[in-house]
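Overview (structure and organization)
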Amino acid sequence: MPKIQKESAPSKKSGFVKIQDGIHVYVGGSGSTNFGLILTKEKPVVIDNDIRCRKEFTTGMKKITRKQPGILFNTHHNFDHTSDNGYYHKMGVMSFGNSFAVEEMYREESEGIWVNQMVGRGPKVDHLLKTLKVDPPKVIFENLLTVEYGGRIFQLIYIDHCHTKGDSVIWMPKEKVLFAGDLLTYKTHPVNRLGNFHNWISAFKILEEFPAKHIIPGHGPMPPTGKKIIQDNKKMFLKLKNETSRALKKYGTPVKAAENVYLKEYEKWFRYPLVQANAHKMAQEIKRTKKK
Ligand SMILES: [Zn+2]
């Protein structure tokens, strides 16, 4: 198993990385989703899941522990963090998530987009999607919930509507590990289909207040210890905001402005093609706040 280095190089390969004793992260290659696996004196705790990589995750997990998971935490509602909840529920795992995340899961299902948005994107599981339904977490919290389990403490903390409506983090105060969900990505462009950039930029201040030793992003390689990941995100977001604002002044409409935002210095980050979609969203937000 590769030990975490000072700064792991962005990798296209997926696999488990050990962060601290008993704290492992499944790092999705090429900026795909990351999941947590925390060993406790009782059963292991899993953070987030995706039906498309169940096999890779469970095969890797079996090399780390023989025990089946006992607890599952969801950081937010997106398919790539919750679509395999049902698999864990069937084995009797108790799951936890934020009330807004649950609302969003039901909304996407009722609008028929929960599964449809994935068809063709993960061809190897298209056959599974036909019968797949949302399976929300069983224990729902609003702002803060502390879970003591197997000698460890997990604090589930709702942050704000940033990447999605129900963005929450999982904070392990003794170990000083912060699972940030998609509030933070590392060397990977964020997705903001359902988000709010204004709140998101403000949320970095909240995240900076955690005395975290290790911060686990929702996507991208493991960052070096400390808060560099927050600073990197903040810098990129502000650059996106400034360039979009400038382009909006010059070109007038969000669509035209977005077409002229490149962020070339972030070309090497995973999911670079998202820059224009993000610039479009940012431009719409800037326009809306100016109208007020
Ligand atoms: Zn995600």
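Up top is the structure these notes are about.
Residues numbered from 1 in each chain as written. Predicted model: local features only at pLDDT ≥ 70, side-chain atom pairs only at ≥ 80, totals over all residues.

A tally of regular secondary structure across the chain gives nine helices and twelve strands. On C-alpha atoms alone, the chain measures out to a radius of gyration of 19 Å, which is about the 19 Å that the 2.2 N^0.38 rule sets for 292 residues. Reported as C-alpha extents along the three principal axes, the dimensions of the chain are approximately 60 × 45 × 35 Å. At a minimum sequence separation of 6, the contacts of the chain that also span at least 24 residues come to 64%. (Helix = DSSP H or I, 4+ residues; strand = E, 2+ residues; numbered from the N terminus. Rg over C-alpha atoms; globule rule 2.2 N^0.38 Å. Contact = placed C-beta atoms within 7 Å.)

Here the focus is the sheet that holds strand 4 (residues 45-47). Here seven strands make up an open sheet; going across it, the order is 1-2-3-4-5-6-7 and the pairing mixed. Single-partner strands in this sheet number two, and they are strand 1 (15-20) and strand 7 (139-141). The sheet shows a mean angle of 20 degrees between the axes of neighbouring strands, direction not considered. Across three bridges, strand 3 (residues 35-38) lies against strand 4 in antiparallel orientation. Residue pairing in the sheet places Leu37 in a bridge with Val46 of strand 4. The strands touched by helix 4 (residues 99-110) are strand 6 (94-98) and strand 7; relative to strand 6, the strand with the most contacts, the crossing angle is about 95 degrees. (Pairing = 2+ DSSP bridges. Axes fitted to C-alpha atoms, helices over the stretch in contact; angles between N-to-C directions.)

What follows concerns unusual backbone geometry. Phi is positive for Ser30, which is not a glycine, with a value near 55 degrees. Summarising the element assignment, Ser30 is placed in the loop between strand 2 (23-27) and strand 3. Residue Ser30 is classed as partly exposed on the basis of its 15 C-beta neighbours within 10 Å. In this structure, Lys176 is a non-glycine residue whose phi angle is positive, near 60 degrees. Note that Lys176 resides in the loop between strand 10 (167-172) and strand 11 (177-179). The class for Lys176 is partly exposed, based on 15 C-beta atoms found within 10 Å. (Buried ≥ 20, exposed ≤ 12 C-beta atoms within 10 Å, placed from the backbone.)

This part takes up the sheet that holds strand 12 (residues 214-216). Strand order in the open sheet formed by five strands is 8-9-10-11-12, with mixed pairing between adjacent strands. Here the strands that pair on one side only, and so sit at the sheet edges, are strand 8 (144-149) and strand 12. Within the sheet, the average angular offset between the axes of one strand and its neighbour, ignoring direction, is 20 degrees.

Inspection of the secondary structure puts Lys165 in the loop between strand 9 (152-160) and strand 10. The spatial distance from the C-alpha of Lys165 to the C-alpha of Glu104 is 7.4 Å, given a sequence separation of 61 residues. Setting aside chain neighbours within four positions, we find Lys165 in contact with Phe100, Glu104 and Leu194.

Let's shift gears to the environment of Lys249. Here Lys249 lies in helix 7 (residues 228-251). Sequence separation of Lys249 and Ile153 is 96 residues, and the distance between their C-alpha atoms is 49 Å.

Bridging between strand 1 and strand 2 involves five bridges; their strand directions are antiparallel. Counterpart to Phe16 in the pairing with strand 2 is Tyr26. Counted between consecutive antiparallel strands, the loop separating strand 1 from strand 2 contains two residues, among which Gly22 sits at a positive phi close to 80 degrees.

Once that is clear, we can look at helix 4. With twelve residues, helix 4 should reach 16 Å at 1.5 Å per residue; the first-to-last C-alpha distance of 17 Å fits that figure. Among all positions of helix 4, only Phe100, Ala101, Glu104 and Met105 are buried. Angular distribution of buried residues about the axis of helix 4 spans 145 degrees; they occupy a single face of the element. Just past helix 4, the residue Gly112 takes up positive phi, approximately 75 degrees. (Expected span 1.5 Å × (residues − 1). Arc of directions from axis to C-beta.)

Another point: the pairing of strand 10. With six of its six residues buried, strand 10 lies for the most part within the structure. Here strand 10 shows two buried faces, one formed by Asp167, Val169 and Trp171 and the other by Ser168, Ile170 and Met172. Relative to strand 10, strand 9 runs antiparallel, the two being bridged by five bridges. Residue pairing for strand 10: Ile157 is matched across the bridge by Val169. Taking the residues between adjacent antiparallel strands as the criterion, strand 9 and strand 10 are bridged by six residues. Alignment of strand 10 against strand 11, held across three bridges, turns out to be antiparallel.

So, on to the nonpolar core. Counting residues in each nonpolar core, the largest one holds 57 residues, and the members touching the most others are Phe73, Leu178 and Ala180. With sequence-adjacent residues up to four places away left out, Leu178 is seen in contact with Val169, Trp171, Phe210, Ala212, Ile215 and Ile216. Core analysis: the second largest hydrophobic core is formed by eight residues, Phe79, Trp114, Met118 and Val134 among them. (Core = buried A, V, L, I, M, F, W, Y, C linked by C-beta atoms within 7 Å.)

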